[in-house]
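Summary of the model geometry
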Amino acid sequence: MGTSRHSSSVVGLTLRRRRILWAYAFLAVPLLFFVAIRIWPMLQAFQLSVTRWHVDPAQRVFVGFHHFQQMWGDAKFLQALRNTALYAAIGVPAQVFLGLGIALLLNNIRRLRGLFRAIYFAPYVTPAVAVAWAWSYMLSPHLGVVNTLLGYVGIPPQPFLTSPTQALPTVAAVVVWQFVGFHVVIFLVALNSIPREIYEAARVDGASGWSLFRRITFPLLNPSLVLSVIMATASPSIGILQLFTQVMNLRMYDPGGPLGSTSTVVLYMYQMAFRRFDFGYAAAIIVVLFAIILTISLLQLRVLRRRFEY
Amino acid sequence: MRRRVSPVQVLSYLVLTAGAVIMIFPFVWMLLTSLKPLPEIYSLSWLPRQPTLQNYVTILFRYQFGRWFLNSLLVGAATTLSMVVFSSLTGYTLTKLDFPGKGFVFVLILATLFVPTEMLVLPWYASSVRYGWVDTYWGIMFPGMIHAFGVFLMRQFFQSLPNDLLDAARVDGLSELGVFWRVALPLMRSPLAALAILAFLGNWNAFIWPLIVTNRSEVFTLPVGLAMFSGEAGAQWNLITAGATLSVFPVLLVFAIFQRHIIESVASSGVKG
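Residues numbered from 1 in each chain as written. Chains lettered and ligands numbered in written order. Predicted model: local features only at pLDDT ≥ 70, side-chain atom pairs only at ≥ 80, totals over all residues.

Quick word on the overall build of chain A
Looking only at helices and strands, chain A features 13 helices and 2 strands. Counting all 310 residues of chain A, 41% fall into the buried class. A separation threshold of at least 6 residues defines the contact pool for chain A, and within that pool the share at least 24 residues apart is 68%. (Helix = DSSP H or I, 4+ residues; strand = E, 2+ residues; numbered from the N terminus. Buried ≥ 20, exposed ≤ 12 C-beta atoms within 10 Å, placed from the backbone. Contact = placed C-beta atoms within 7 Å.)

Focus on the overall build of chain B
Helices and strands together make up the secondary structure of chain B, namely 14 helices and 0 strands. Mapped from its N terminus to its C terminus, chain B presents α and β elements in the order α-α-α-α-α-α-α-α-α-α-α-α-α-α. For chain B, the C-alpha radius of gyration of 23 Å lies well beyond 19 Å, the compact-globule estimate for 273 residues. Across the 273 residues of chain B, 44% fall into the buried class. The contacts in chain B between residues at least 6 apart in sequence include a share of 76% that link residues at least 24 apart. (Rg over C-alpha atoms; globule rule 2.2 N^0.38 Å.)

Description of the domain arrangement of chain A
Residue and element names in this part refer to chain A. Split into domains, chain A comes out as domain 1 (2–49) and domain 2 (68–307). Averaged C-alpha coordinates put domain 1 and domain 2 at centres separated by 40 Å. Facing the 4 residues of domain 1 at the interface are 6 residues of domain 2. By residue class, the composition of the side of domain 1 that touches domain 2 is 3 nonpolar, 1 polar and no charged. (Domains from an automatic or database assignment. Nonpolar A, V, L, I, M, F, W, Y, C, P; charged D, E, K, R; others polar.)

Regarding the nonpolar core
Nonpolar side chains in soluble globular proteins generally cluster together in the buried interior. Within the largest apolar cluster, 162 residues are counted, with the highest numbers of intra-cluster contacts made by A:Met269, A:Ala282, A:Ile285, A:Ile286 and B:Leu122. Sort the elements by how many residues they give to this core and helix α7 (residues 167–192) of chain A lands first, with 16 residues. With residues near it in sequence (within four places) discarded, A:Ile285 still touches A:Met71, A:Phe77, A:Val265, A:Tyr268, A:Met269 and A:Met272. (Core = buried A, V, L, I, M, F, W, Y, C linked by C-beta atoms within 7 Å.)

Looking at the confidence of the model for chain B
Residues and elements named next belong to chain B. Mean pLDDT for chain B: 91, with 97% of residues reaching 70 or above. The secondary-structure element of chain B with the lowest mean pLDDT is helix α2 (residues 38–42), recorded at 87, while helix α7 (residues 137–141) shows the highest, at 97. Note on the complex model: pTM 0.91, ipTM 0.92. (pLDDT = per-residue confidence, 0-100.)

A short note on the interface of chain B and chain A
Interface size is often expressed as the accessible area that is lost when the parts come together. Each side of the interface is counted separately: chain B has 73 residues, and chain A has 72 residues. Put simply, the parts of the chain that give the side of chain B that touches chain A at least two residues each are α1 (7–34), α4 (65–96), α5 (102–112), α6 (117–131), α11 (189–205), α12 (208–213), α13 (222–232) and α14 (237–271) of chain B. Among the elements that take part in the side of chain B that touches chain A, α14(B) stands out by supplying 16 residues, more than any other.

Observations regarding the environment of B:Leu38
Residue and element names in this part refer to chain B. Relative to the helices and strands, Leu-38 is located in helix α2. With 13 C-beta atoms counted inside 10 Å, the residue Leu-38 sits in the partly exposed group. In contact with Leu-38, other than residues within four places in its own chain, are Gln-236 and Asn-238.

Re α11(B)
Helix length check: α11(B), at 17 residues, gives a terminal C-alpha distance of 24 Å against a target of 24 Å (1.5 Å per residue), a fit within 8%. Taken as a whole, α11(B) has its buried residues at B:Pro191, B:Ala194, B:Leu195, B:Leu198, B:Ala199, B:Phe200, B:Leu201, B:Asn203, B:Trp204 and B:Asn205. (Expected span 1.5 Å × (residues − 1).)

Some points on the confidence of the model for chain A
Per-residue confidence for chain A averages 88 on the pLDDT scale, and 93% of its residues sit at or above 70. Across chain A, element-level confidence peaks in helix α12 (residues 265–274) of chain A with a mean pLDDT of 96 and bottoms out in helix α1 (residues 2–49) of chain A with 80.

Considerations on the packing of helix α3 (residues 75–108) of chain A against helix α10 (residues 222–234) of chain A
All names here are of chain A. The geometry of α3 relative to α10 is characterised by a closest axis approach of 9 Å and an angle of 140° between their N-to-C directions. Taken together, α3 and α10 sit at an angle that is classed as oblique. Viewed along their axes, α3 and α10 form a crossing whose handedness is right-handed. Mapping the contact onto sequence places Ala-88, Gly-91, Val-92, Gln-95, Val-96 and Gly-99 in α3 and Ser-228, Val-229, Ala-232 and Thr-233 in α10. Grouping the constituent residues of the contact of α3 with α10 by class yields 5 nonpolar, 5 polar and no charged. (Axes fitted to C-alpha atoms, helices over the stretch in contact; angles between N-to-C directions. Parallel < 35°, antiparallel > 145°, perpendicular 65-115°, else oblique. Left-handed = near helix turned anticlockwise from the far one by under 90°.)

As for the environment of B:Thr33
Summarising the element assignment, B:Thr33 is placed in helix α1. Once the C-alpha coordinates of B:Thr33 and B:Val183 are considered, the two residues, 150 residues apart in sequence, prove to be 51 Å apart.

Examining the packing of helix α4 (residues 113–125) of chain A against α7(A)
All names here are of chain A. Relative orientation of the contacting elements α4 and α7 amounts to 130°, with a least axis distance of 6 Å. Comparing the axis directions of α4 and α7 gives the class oblique. Here α4 and α7 pass one another in a crossing that is left-handed. Mapping the contact onto sequence places Arg-117, Tyr-120, Phe-121, Ala-122, Pro-123 and Tyr-124 in α4 and Trp-177, Gln-178, Phe-179, Val-180, Gly-181, Phe-182, Val-184, Val-185 and Leu-188 in α7. Here the residues of the contact of α4 with α7 sort into 12 nonpolar, 2 polar and 1 charged.

In structure tokens:
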């Protein structure tokens, strides 16, 4: 008896040990990739931001917080920062509310719902470079079809991307067009998860239409609203604070123009690094953006959670 | 049962249709323009009066769009394979095996979700210069070899897999690798397909990193090639839209076939964070 219990516990131990070893073996390559591709470079970004580095990474000089001081006197950086805030101020509410509106409409209908959902989602999966060029053509002042269409309803041709005042909202509109479908899908999932009984109970209590929406739908959508706002602002895939590809391609001949009116922080970082070869300064710029993104995401999480709590 | 269509529904259909036209129109316009000879760009024709495939012949044979298309396929295939294998391995290990340091590994991977690609491109570029990866396929693809998004997607699906099933396989004498490869993975066909599609699309559409790490046109991916070509093509919108169509329509085709899959996995990964 005693020996058999002893031996079984030894077998149990080795089995556990073996399983642990298997786990480490499974994780070895993926973890190596995570550390080498994501974690180590992140730390390096901080390190780069306090060095001066032109062309040859081996010849770096420590400059402390010099780049961060330089930024506050750099009018073009400040303009890019201001533009980025403007893009977010226009693009995030537009994406979220249009997404919510379309989802609510889709929730009203039964036939063709899947088809509409697919149509609204399609731009999200297509290459941003290609659709940016398509829009760039459609919005061109003389050859563009948008001005042709506006002409039919009596609106004079608009300069769109060539005007310092219209360019930024135009870029924002293209971004909203591309990403709104993502929010539609998020809200549709949330709407479908609200139990029918709640509405029925509320109807029995005499609630209807707008008050149903305000008292039931909207509060229950709160988690999706938080998610949607955070994703639109700062997610790695569609976050408007990291806007680059659309800005670069909508105005390839003069990225960020006219007069810097469409420039963004990431575009400016790219230009500092790969046009001016001032890599240390570029790294400092992106570190600042990272700090901003992190702060805003955390703030949004707190504020939006609190406001709709019941 | 009588079919009733309420006024609210009629209005919903009207608004949704108008919106859908705005969503589709750029793709239609892109395709139509790519079939027009250059003079029709300036005469602002609606439908191509003399439809031609000459624009495609030009971009494929006079320019390097064919090469860029193949580069994008190659880079996409390699990174997708890596993403699928390592994401499922990691997702499985984190849900189905116990080991010291599990919490730490989890947090480590989770943390990488919060770091935007844009923050990493400069360190990646520094390494690529140091190791000679600029203008190589490896240079383009190494950042896409793994992503926390894939790990969390797979983890979520593995959580629904009953442990009893895996234990039964262990009792039958399968090694841990056998349990993963022969029992767990085959049950994950549709999540794996979804992950593969999303990973491939992500790479097919990627722009900032391939733009940075390539200078020679032979190694451009399709988006980088399209951007560079279009930047120099002036107002030859017939050629630019042919290039854009070439990069968009394979995606729309894949999307049309797997749209339910794609939308549902994007939704679930988004909702679950």
